[in-house]
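# A look at the structure
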Amino acid sequence: MNGQKLKNKIVYIGRYNESEILSGPEKTAKRIFDISLQDYDSVFIQYFFDGTKHGAFKKLFGCEKKLFNEGIVIYTSGLLRLFL
């Protein structure tokens, strides 16, 4: 392809755990996501999990963007907005 590097986009959907105290599957998923950030345009999308912090409207239609200092972008989305 004439020496140009293609930046593929990868979207991960699941539950992102911000802490460093992780279970085995969480640790594996976080490492895969961190490695893919180096070579691909990757984002992580999760939905609003906690029922006591957020109202019904936000859990269905809301959207929040959280930036971390390592260049990681995590989107938290309502369930209906996630599929739209």
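Look up: the structure comes first, before these words.
My aim in this report is to walk through the structure given alongside it, one point at a time. Note that the structure is a prediction, hence the values are computed from the model and not measured.

Here the focus is the sheet that holds strand 4 (residues 73-77). If you trace the 4 strands from one edge of the open sheet to the other, you get 1-2-4-3, paired in mixed fashion. One side of each edge strand has no neighbouring strand; the edge strands of this open sheet are strand 1 (9-13) and strand 3 (63-67). In this sheet, adjacent strand axes meet at a mean angle of 25° when their direction is disregarded. Summarising the sheet, strand 1 and strand 2 (residues 41-47) pair through 5 bridges and their orientation is parallel.

A word on helix 1 (residues 24-39). In this model, helix 1 (16 residues) spans 24 Å end to end at C-alpha, consistent with the 22 Å of a helix rising 1.5 Å per residue. Within the span of helix 1, buried status applies to Lys30, Phe33 and Ser36. For helix 1, the buried positions fall inside an angular range of 130° around the axis, keeping them on one side. Opposite the packed face of helix 1, turned more than 90 degrees from it, sit the exposed residues Arg31, Ile35 and Gln38. Looking at the buried side of helix 1, the elements it contacts are strand 1, strand 2 and strand 4.

What counts, and at which threshold
Residues numbered from 1 in each chain as written. Predicted model: local features only at pLDDT ≥ 70, side-chain atom pairs only at ≥ 80, totals over all residues. Heavy atoms only, no water. Pairing = 2+ DSSP bridges. Helix = DSSP H or I, 4+ residues; strand = E, 2+ residues; numbered from the N terminus. Axes fitted to C-alpha atoms, helices over the stretch in contact; angles between N-to-C directions. Expected span 1.5 Å × (residues − 1). Buried < 20%, exposed > 50% of the residue type's maximum accessible area, 1.4 Å probe, protein only. Arc of directions from axis to C-beta. Contact = heavy atoms within 4.5 Å.

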